[in-house]
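Fold and geometry: a report
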Amino acid sequence: MGTVRGCDIPEDLSYNVENNVWARREDDGTVTIGMTAYAAALAGQIVSYTPKKVGKSVKKDKSCATVESGKWVGPAKSPVAGEVVAINDAVSANPGLINEDPYGEGWLVKIQPSDWDADSAGLVSGADAISAFEAKMEADGFDGCS
Amino acid sequence: MQTKQTWRVIDTGLRRAAENMALNKTLLEGHQQGITPHTLRFLQFKPSALLGFHQSAEQELRIDYCAEQGIDIQRRITGGGAIYFDETQIGWELYLDKQTLGTADMSKIARRICEAAARGISTLGVDARYRPRNDIEVDGRKISGTGGAFDGDSILYQGTLLVDFDVERMLRVLRIPAEKLSDKAIASARERVANLKDLLGAVPDMVRVKQSISQAFAEEFGVVFEAGELNEQEQALYGESLAEIDTPEWVYQHNRPANETAVLENIVKSEGGLMRVAVSVDQARQRIKQIWITGDFFVNPRRMVADLEAALKDTPIAEMAENVHRFFDHYPVEMLLLRREDFITAITGALDGEREAAGTA
């Protein structure tokens with residue numbers, strides 16, 4: 001698994017680095033979306049999660065879920081356009097899962113993408129993702145995931 | 001000498017909560033789109049009960065009381081808990097970006113802004129300090145609560161400042177157990193909040209209050225503020241935002257049943273004295289939302305109790321004892337026959353005891 005300044009950045013996922021989110025195409029064609037370990041570290045302990053409702057459409061780079069930590073509220077922006085097909089009840093019950101397991105149990109939404117090929121072309125993975133996150137952390141003045 | 005950047009300061013005056021919330025949305029979105037410059041805004045509210053973004057009106061507020069009293073109910077776009085806001089408070093808020101702040105770490109941003117605000121408040125003649133994570137206090141008593149929202153690189157961070165304040169009215173607006181409305185409980189709540197009028201002996205000049213805060217932010221960020229107005233693009237966005245926010249759909253969007261949160265109480269007698277705790281619990285998330293501790297035990301400084309309450313906000317139930325220990329490990333306090341374990345015992349007893357639904361007392 002790749003790491004950048006102590007933050008896990010799995011090399012097999014696709015990232016929108018600017019929005020600090022990941023996407024994974026599943027075998028059934030849906031796309032699972034979540035926050036990166038880096039995004040979770042910047043936010044701190046997450047205490048609330050409100051996803052868009054199942055059946056709602058989401059535009060690329062627009063909010064697919066709203067999260068709250070330390071009295072900060074902000075959107076997680078979907079890296080692909082499509083329709084929300086699943087939300088994460090385990091995260092509703094325990095939003096801290098986003099911090100504990102951002103690439104596993106802490107996923108945010110699953111989306112049926114409207115044009116995966118076009119939208120995913122703008123995402124990065126592997127070594128490109130690692131170097132892009134290093135550059136972002138430098139620009140953000142980030143010390144590292146603890 | 002390097003020329004300082006000029007940031008905009010706007011004072012939007014006394015408004016309805018819906019208008020103030022719509023302006024929050026407008027200016028944060030506007031900042032993200034590049035049509036809103038870095039801005040400091042001062043604002044005031046007609047009597048309003050303001051929910052945190054993720055809260056439910058049914059769980060947090062006495063909706064009937066608000067309706068009777070003509071108190072508007074609104075939802076913030078920022079996080080945190082429900083508050084009562086009226087003409088006796090000033091709101092301040094900053095619209096900036098992470099680049100200007102030099103960090104994307106949300107807790108560092110909150111600290112920097114709160115410490116600057118505390119310095120500004122202190123110039124009025126009180127000793128205001130930042131208390132992590134989101135309060136500004138004077139001698140352990142909260143005088144300003146804060147919270148934020150972000151969108152991309154843009155951030156909104158806002159706070160209240162209690163100039164004069166009706167504690168009893170706040171307690172009646174918020175959905176807390178009825179027994180908390182006894183004279184003694186009101187006096188105890190009054191001990192936990194401070195306002196400028198009480199501290200200074202008179203209501204300070206509002207213009208001076210705002211100047212003190214803007215001066216402190218100007219120094220912190222090395223900028224000068226110039227008074228301005230909303231620009232045309234912001235005005236257009238504001239119309240759209242108000243149409244979305246001034247609706248029941250916005251205000252009541254996160255409805256959850258009132259019985260999903262409970263206030264659990266316990267009274268414990270130890271060598272150190274009588275301790276009464278009330279714990280507000282989010283049962284779905286197994287998390288302590290808030291805790292109130294009162295009693296006739298002796299601690300010095302007295303503010304330790306308020307600091308412990310602040311430290312235990314949003315604590316997972318499973319981590320309560322650990323958090324109490326962590327608090328006392330770093331907090332110099334003198335206690336008479338009272339041990340830190342007494343706090344843990346009292347809170348544990350409340351959590352394990354008979355559960356009483358909020359607001360039914």
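In this text the structure is predicted, and so the values were computed from the model without any measurement.

1. What about the layout of surface pockets?
Residue and element names in this part refer to chain A.
- Approximately 550 Å³ is the volume attributed to the second largest pocket.
- In this structure, the second largest pocket is lined by 22 residues; those nearest its centre are A37, A40, A41, N99 and S146.
- Those elements giving two or more residues to the lining of the second largest pocket turn out to be β2 (7–8), α1 (37–43) and α3 (97–100).
- A per-element tally of the lining of the second largest pocket places α1 first, with three residues.

2. Overview of the pattern of salt bridges
All names here are of chain B.
- Under the criterion given, the structure shown has 33 salt bridges over all chains.
- Here E19 and R15 are joined by a salt bridge, their closest N and O atoms 3.8 Å apart.
- Linking R16 and E19 is a salt bridge whose minimum nitrogen-to-oxygen distance equals 3.9 Å.
- With a relative accessible area of 27%, R16 lands in the partly exposed category.
- Overlapping salt bridges bring together R131, D135, E137, K142, R303 and D307 as one network.

3. Notes on unusual backbone geometry
- In this structure, R133 of chain B follows P132 of chain B across a cis peptide bond, with omega equal to 0°.
- Along the polypeptide, R133 of chain B turns up in the loop between β7 (128–131) and β8 (135–138).
- For the peptide bond that leads from N300 of chain B to P301 of chain B, omega is 5°, which places it in the cis range.
- In this fold, P301 of chain B is placed in the loop between β15 (299–300) and α12 (304–311).
- If you check the backbone angles, N20 of chain A has positive phi at about 60° while not being a glycine.
- Here N20 of chain A is to be found in the loop between β3 (14–16) and β4 (21–25).
- Assessed through its relative accessible area of 6%, N20 of chain A is described here as buried.
- Even without being glycine, D314 of chain B reaches a positive phi, approximately 60°.

4. Some details on the domain arrangement of chain B
Residues and elements named next belong to chain B.
- Looking at chain B, the domain boundaries give domain 1 (5–251) and domain 2 (258–352).
- Between domain 1 and domain 2, the C-alpha centre-to-centre distance is 28 Å.
- Between domain 1 and domain 2, the residue contacts involve 17 residues of the former and 20 residues of the latter.
- Carbon and sulfur atoms make up 45% of the surface buried where domain 1 meets domain 2, a total of about 1400 Å² over both sides.
- For the interface between domain 1 and domain 2, the tally reads five salt bridges.
- Listed by contribution, the elements that provide at least two residues to the side of domain 1 that touches domain 2 are α2 (57–60) and α7 (183–192).

5. Considerations on the sheet that holds strand β4 (residues 72–75) of chain B
Residue and element names in this part refer to chain B.
- Pairing within the open sheet is mixed, and its three strands lie in the order β4-β3-β5. For this open sheet the edge positions go to β4 and β5 (83–85), each flanked by a neighbour on one side alone. Across the sheet, the axes of successive neighbouring strands diverge by a mean angle of 30°, strand direction being ignored.

Analysis parameters
- Position labels on residues start from 1 in each chain and follow its written sequence.
- The naming scheme follows written order: chains are lettered A onward, ligands numbered 1 onward.
- The predicted origin of the model limits local features to residues at a pLDDT of at least 70 and limits the giving and counting of side-chain atom pairs to 80 or more, whereas totals for whole chains, interfaces and linings rest on all residues.
- Hydrogens and water are ignored here; the side-chain numbers use all heavy atoms of the structure.
- Cavities and pockets were defined on a 1 Å grid built from protein atoms only: a cavity is a group of points that admits a 1.4 Å probe but offers it no way out, a pocket is an open group of points flanked by protein on both sides within 12 Å along at least five of seven lines, and a lining residue is one with an atom within 4 Å of any such point.
- Grid points are joined across faces, edges and corners, and a volume is the space filled by probe spheres set on the points.
- Secondary structure counts use DSSP, requiring at least four H or I residues in a row for a helix and at least two E residues in a row for a strand, with both numbered from the N terminus.
- The rule for a salt bridge is simple: a side-chain nitrogen of Lys or Arg has to be within 4 Å of a carboxyl oxygen of Asp or Glu.
- Residue burial is assigned from relative accessible area. The probe radius is 1.4 Å, only protein chains are included, and a residue is buried under 20% of its type maximum, exposed over 50%, and partly exposed in between.
- Boundaries between domains were set according to an automatic or database domain assignment.
- We call two residues in contact when some of their heavy atoms are within 4.5 Å.
- The quantity reported as buried area is the accessible area (1.4 Å probe) lost by two parts once they are put together, taken as the sum for both.
- For two strands to pair, DSSP has to find at least two bridges joining them.
- Helix axes are fitted only over the stretch in contact, all axes being lines through C-alpha atoms; the angle between N-to-C directions runs from 0 to 180 degrees.

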